[in-house]
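Residues per chain are reported as follows:
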Amino acid sequence: AGSATKSKFLSPSSLTTAMGRKSMLVENAYAFALKQQQVMMGVATAAGNNNDGDAEDGGAVTEEQSIETVERLLREEARENRRKGRKTAEEVADWRSGKESAASEGE
């Protein structure tokens, strides 16, 4: 069973197959459901509980509220990932331009 979980990452074309796409969708749906459960149980981060329900006041969070909260958390997470990616790309571009200018000065 251990090799079955590792094998999906062996082939770079796994996302081009129907089973590879299905696996990714199931994985994302499972992660969403786990995060939603955490929100509904009040285990999520403080950012996840602000103004989205009465979880911090001892009240229950509805399923609809938890879905909205998880979607907001995922949007914020994606935004942060994009920001980090841009920053890294800029740093690499700066490094490359510095390396190229040093090489041209050395000639």
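These numbers come from a predicted model, not from an experiment.

What counts, and at which threshold
- The numbers attached to residues start from 1 for each chain and follow its sequence in the written order.
- Local features are withheld for residues below a pLDDT of 70 in this predicted model, meaning they are given only at 70 or higher, and side-chain atom pairs are given and counted only at 80 or more; totals for whole chains, interfaces and linings count all residues.
- Excluded from the side-chain calculation are hydrogens and water; included are all heavy atoms of the structure.
- Helix and strand definitions follow DSSP, with helices as H or I runs of at least four residues and strands as E runs of at least two, each counted in order from the N terminus.
- Categorising residues by exposure relies on relative accessible area from a 1.4 Å probe, with only protein chains included: less than 20% of the type maximum marks a residue as buried, more than 50% marks it as exposed, and the intermediate range marks it as partly exposed.
- Any two residues having at least one pair of non-hydrogen atoms within 4.5 Å are treated as being in contact.
- The pLDDT value tells you how sure the predictor is about a given residue, anywhere from 0 up to 100.
- Only one rule defines a salt bridge in this text: a Lys or Arg side-chain nitrogen within 4 Å of an Asp or Glu carboxyl oxygen.

Visitor: Outline the overall build of the protein chain, supporting the account with residue identities and numerical values.
Guide: Scanning the protein chain for helices and strands turns up 4 helices and 0 strands. Overall, the protein chain shows an N-to-C arrangement of helices and strands of α-α-α-α. Across the 107 residues of the protein chain, 14% fall into the buried class. Taking contacts inside the protein chain between residues at least 6 apart in sequence as the whole, the part at least 24 apart equals 45%.

Visitor: Go over the confidence of the model for the protein chain with me, naming the residues and quoting the values.
Guide: Low-pLDDT stretches of the model should not have their predicted coordinates read in fine detail. Per-residue pLDDT for the protein chain has a mean of 77; in total, 68% of the residues score no lower than 70. No element of the protein chain has a lower mean pLDDT than helix α3 (residues 46-49), at 46, and none a higher one than helix α4 (residues 63-106), at 90. Counted against residues more than four places away or in other chains, residues 1-6, with its pLDDT under 50, gives 0 contacts. Counting contacts from residues 45-55, a segment whose pLDDT is below 50, to residues more than four positions away or on other chains yields 17 contacts.

Visitor: Please provide a residue-by-residue account of the pattern of salt bridges, values included.
Guide: Under the criterion given, the structure shown has 3 salt bridges. With a shortest N-O distance of 3.1 Å, Arg72 and Glu76 are connected by a salt bridge. Of this pair, Arg72 and Glu76 both sit in helix α4, separated by 4 residues, roughly a single helical turn. The exposure class assigned to Arg72 is buried, which follows from its relative accessible area of 18%. With relative accessibility at 32%, the residue Glu76 sits in the partly exposed group. For Arg83, the salt bridge is made with Glu80, and the minimal N-O distance between the two is 2.5 Å.

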